[in-house]
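Architecture and fold: a report
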Amino acid sequence: MFCYQCEQTAKGTGCDKLGVCGKTPEVSDLQDLLVYALTGLGQAATTAAAEGKDVPLTTGRFFAKALFSTLTNVNFDAADFGPLIEKTVAERDALAATLTAKLPEGPATFVPAADLDGLIKQGAQHGLKDIPETDPDIRSLKHTLIFGLKGIAAYADHAAILGQEDPAVYAFLYKGLADTFTTDKNLGDWVGLVLKCGEVNLRTMELLDAANTGAYGNPVPTVVPLGARAGKAILVSGHDLKDLKDLLEQTAGKGINIYTHGEMLPAHGYPELKKYPHFYGHYGTAWQNQHKEFAAFPGAILMTTNCIQKPAASYLGNIFTTGLVGWPGATHVKNGDFGPVIEKALAMPGFPEDTDKGTVMTGFGHNAVMGVAGAVIDAVKAGKIRHFFLVAGCDGAKPGRNYYTEFVEKAPADTIVLTLACGKFRFFDKKLGDIGGIPRLLDMGQCNDAYSAIQVAVALAKAFDCGVNELPLSMILSWYEQKAVAILLTLLHLGIKNMRLGPTLPAFLTPNVLNFLVENYDIKPISTPDEDLKAILG
Ligand code: SF4
Ligand code: SF3
């Protein structure tokens, strides 16, 4: 195995024995083989499109799901990858049969082994390091593209589940993976391709925003309790709002309270979800604290997407996976039928009594923030708001991530902190007060809602008649998995400069590629909160 797609990669260079995330070499090799097979499907689909033939939308939907299942902390179950590889090859061959052109030898012609052991052996031959490329900088950009495509695949899958699709997004997924097997492009072409990946990701996030707000309404500022209500309980984690909606429907009137965990917190802001009286509150913090927090939860737990951690034995019987998530030994429920989760919750003790642990606020999506844009602009003009910080991105287990807590704590009282994604759990319950009625801490949603932050930045720039880079706005980003890579590429595509990125820089960027980013975008690693605040505020 060799994997260096996430921030916690071993020794900051790559996991080659066992994933720090818990991914086994077998699963890693199977995921590599799936990406290899998808590359072949991408070649077939790209050729079909060039020949003017239709590629069914169902192929795109499948492609996104399959690629999403290789994202960090989604699926650790080797048994799930054989069928995905087989279906990929079947889709590829169905398309290939319609083509006039002959596809090249390699991913487009490979024949999967008949059993899991054989597939694992094949996967070991087709890892990231086996992609045809001798130039280390181009290889770095090829890998960056693969990881960005994984992020797009995740957002495209979420959007498709709610009926929003764009064939152009699928076409880019096909072409992107197929391009990693080309050797006719120079460094400049490759820089262009990864920026294009950012552009397509922006379109995908736009689709997802339309999907979420179309299905569940525009989020509204909402107070969310952090304590518990006496009674049976289900905890829902991950990013999939449709799963949550289905669960809320299926538990209505059953005396079970539904709690969000991790990236599900912003779900409380959606009118069509918050209307359920048994959708109670939020429990716990970011994904890396599951072992402590899940072990103490007295009900069933449902993982709808990333990030799942290896379940401890104490709660393996209570945790359920659905959709693309898998962990060997954890019960997987399918097709939106949460009966087994409900049964488990009813059999478990639940919370014995009401407890009050305070509240947090969420629901500051672009619509809600634009609603108070007038007041925000006036406050900036009157000098009451000096600066905005977007402190956003993933959380993770590394101690260096305390930077983000300290940064928010030290941000002066005349500054506003916009946040999104699970990195917020480092400071989400801080009482930062308000500036003339505008809360100083605005939770814009999941990582899936990064589109909201971009919309707000663009609207502010318009109101102040300047570019986004001229706004009193600084981006302090934390990354962990590949959706964050896709978002970063989107920000680069938009020409955003001066971003601060941490806790460490991606291992897959070579010094030359990093230099390019520094020279062209002034991107910098985080230093200390004091130094960074001083540099930004002057
Ligand atoms: Fe390592 Fe991250 Fe890959 Fe897991 S996803 S194997 S932690 S680099
Ligand atoms: Fe978090 Fe996994 Fe990235 Fe959605 S839940 S932001 S890490």
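Being a predicted model, the structure only gives us computed values, none of them experimental.

As for the side chain of asparagine 318
With respect to the helices, strands and loops of the structure, asparagine 318 is situated in the loop between helix 11 (313-316) and strand 6 (319-322). For asparagine 318, a relative accessible area of 13% puts it in the buried group. Setting aside its immediate chain neighbours within four residues, asparagine 318 contacts Gly299, Ala300, Ile301, Lys344 and Met348.

Observations regarding the UniProt feature "binding site: hybrid [4Fe-2O-2S] cluster" (unreviewed entry) in the protein chain
The UniProt entry lists His239, Glu263, Cys307, Cys394, Cys422, Cys447, Glu481 and Lys483 under the feature "binding site: hybrid [4Fe-2O-2S] cluster" (unreviewed entry), expressed in the numbering used here. These annotated residues cover 245 residues of sequence, and their C-alpha atoms all fall within 13.8 Å of one another, placing them together at a single site. If you take the residues mentioned a moment ago, the ones lining the largest cavity come down to Cys394 and Cys447. Those residues in contact with histidine 239 that lie beyond four places of it in its chain are His158, Glu263, Met264, Thr304, Thr305, Asn306, Gln446, Cys447, Asn448 and Lys483. A polar side-chain atom of histidine 239 sits 3.3 Å from a polar atom in the side chain of glutamate 263. Position of cysteine 394 among the secondary structure elements: in the loop between strand 9 (387-393) and helix 15 (402-410). Setting aside anything within four residues of it in sequence, one finds cysteine 394 in contact with Arg401, Ala421, Cys422, Gly423, Ser478, Trp479, Tyr480, Glu481 and Ala484.

Focus on the packing of helix 15 against helix 19 (residues 529-537)
At a minimum axis separation of 9 Å, helix 15 and helix 19 run at an interaxial angle of 50°. Between helix 15 and helix 19, the angle is such that the two are oblique. Crossing angle aside, the handedness with which helix 15 passes helix 19 is right-handed. Between helix 15 and helix 19, the residues in contact are Tyr403, Glu406, Phe407 and Lys410 and Pro529, Asp530, Asp532, Leu533 and Ile536, respectively. Taken together, the residues that form the contact of helix 15 with helix 19 break down as five nonpolar, no polar and four charged.

Some words on the sheet that holds strand 16 (residues 524-525)
In space, the six strands of this open sheet follow the order 13-10-9-14-15-16, with parallel pairing throughout. Each having just a single partner strand, strand 13 (441-443) and strand 16 make up the two edges of the open sheet. In the sheet, strand 9 pairs with strand 14 (residues 473-478) via six bridges, with the strands oriented parallel. By the bridge assignment, phenylalanine 389 is partnered in strand 14 with serine 474.

Examining the pairing of strand 2 (residues 232-237)
Extensive coverage of strand 2 is indicated by the burial of five of its six residues. Two strands pair when backbone bridges link them, and strand 2 and strand 3 (residues 256-260) are joined in this way by five bridges, in the parallel orientation. Among the inter-strand pairings, leucine 235 is bridged to a residue of strand 3, identified as tyrosine 259. Note on the crossover from strand 2 through helix 8 (residues 241-251) to strand 3: the handedness is right-handed. Where strand 2 and strand 5 (residues 300-303) come together, four bridges link them in parallel fashion. Its bridge partner being in strand 5, isoleucine 234 is matched across the sheet by alanine 300.

What about the site of ligand 2?
For ligand 2, the full set of nearby residues is His239, Glu263, Trp287, Asn306, Cys307, Cys394, Ala421, Cys422, Cys447, Tyr480 and Glu481. Residues of the shell around ligand 2, tallied by class, amount to seven nonpolar, two polar and two charged. Lining the shell around ligand 2 are residues from two domains, each supplying at least three of them: domain 2 (222-347) and domain 3 (364-537).

Here we look at the site of ligand 1
Around ligand 1 lies a shell of 13 residues, among which Cys3, Cys6, Cys15, Cys21 and Thr72 are the nearest. Considering only residue class, the shell around ligand 1 consists of seven nonpolar, five polar and one charged.

Some words on the packing of aromatic side chains
Aromatic ring pairs: the centre-centre distance and the angle between the two ring planes describe each pair. One pass over the structure, following the stated rule, counts 23 aromatic pairs. With a centroid separation of 5.3 Å and an interplanar angle of 65°, the aromatic rings of tyrosine 36 and phenylalanine 110 are classed as edge-to-face. Residue tyrosine 36 is found in helix 1 (residues 25-50), and its partner phenylalanine 110 is found in the loop between helix 3 (81-96) and helix 4 (116-124); the two are separated by 74 residues along the sequence. The class of phenylalanine 110 is buried, set by a relative accessible area of 9%. Three or more aromatic residues joined by ring pairs make a cluster, and in this case those are Phe2, Tyr4, Phe147, Trp479 and Phe508. Directly above the aromatic system of phenylalanine 2 lies the positively charged group of lysine 129, at a separation of 4.1 Å from the ring centroid.

What to know about the domain arrangement of the protein chain
By a frequent convention, interface size equals the accessible area lost on bringing the separate parts together. When its domains are assigned, the protein chain resolves into domain 1 (10-215), domain 2 (222-347) and domain 3 (364-537). On a C-alpha basis, the centres of domain 2 and domain 3 stand 29 Å from each other. Counting residues at the interface gives 18 residues for domain 2 and 19 residues for domain 3. Contact between domain 2 and domain 3 buries roughly 1,300 Å² in total, counting both sides, with carbon and sulfur atoms accounting for 63%. Connecting domain 2 to domain 3 are eight residue pairs in polar contact (both at pLDDT 80 or more). For the side of domain 2 that touches domain 3, the per-class residue count stands at nine nonpolar, eight polar and one charged.

Quick word on unusual backbone geometry
At the junction of asparagine 306 and cysteine 307, the peptide bond is cis and its omega measures out at 10° in the coordinates. Inspection of the secondary structure puts cysteine 307 in the loop between strand 5 and helix 11. Here the bond from glycine 502 into proline 503 is cis, since omega is 0°, no more than 30 degrees from zero. Note that proline 503 resides in the loop between strand 15 (500-502) and helix 18 (511-521).

Details of the pairing of strand 8 (residues 359-362)
Of the two faces of strand 8, the one holding Val360 and Thr362 is buried and the one holding Thr359 and Met361 is not buried anywhere. Here strand 1 (residues 222-225) pairs with strand 8 via four bridges, running antiparallel. Looking across to strand 8, one finds that threonine 222 is bridged to threonine 362.

Here we look at empty space enclosed by the protein
Summed over the entire model, instances satisfying the criterion amount to eight cavities of 30 Å³ or more. Taken as a whole, the largest cavity holds about 270 Å³ of empty space. Contributing to the lining of the largest cavity are 24 residues, with Leu390, Ala392, Leu477, Ile487 and Leu491 lying nearest its centre. Elements that contribute at least two residues to the lining of the largest cavity include exactly strand 9, strand 10 (415-420), helix 16 (450-463), strand 14 and helix 17 (482-493).

Cut-offs and rules
Residues numbered from 1 in each chain as written. Chains lettered and ligands numbered in written order. Predicted model: local features only at pLDDT ≥ 70, side-chain atom pairs only at ≥ 80, totals over all residues. Heavy atoms only, no water. Helix = DSSP H or I, 4+ residues; strand = E, 2+ residues; numbered from the N terminus. Buried < 20%, exposed > 50% of the residue type's maximum accessible area, 1.4 Å probe, protein only. Contact = heavy atoms within 4.5 Å. UniProt positions renumbered as here; feature names shortened; annotations may be inferred. 1 Å grid on protein atoms, 1.4 Å probe; cavity = no way out; pocket = protein on both sides within 12 Å on 5 of 7 lines; lining within 4 Å. Polar contact = N/O pair within 3.5 Å; in protein donor to acceptor, adjacent residues only side chain to side chain. Axes fitted to C-alpha atoms, helices over the stretch in contact; angles between N-to-C directions. Parallel < 35°, antiparallel > 145°, perpendicular 65-115°, else oblique. Left-handed = near helix turned anticlockwise from the far one by under 90°. Nonpolar A, V, L, I, M, F, W, Y, C, P; charged D, E, K, R; others polar. Pairing = 2+ DSSP bridges. Right-handed = clockwise from strand over helix to strand, strands pointing away. Near = heavy atom within 4 Å. Domains from an automatic or database assignment. Phe/Tyr/Trp six-rings, centres within 6.5 Å; stacked < 30°, edge-to-face > 60°. Lys NZ or Arg CZ within 6 Å of the ring centre and 35° of its normal. Buried area = accessible area lost by both parts, 1.4 Å probe. Points joined across faces, edges and corners; volume = space filled by probe spheres on them.

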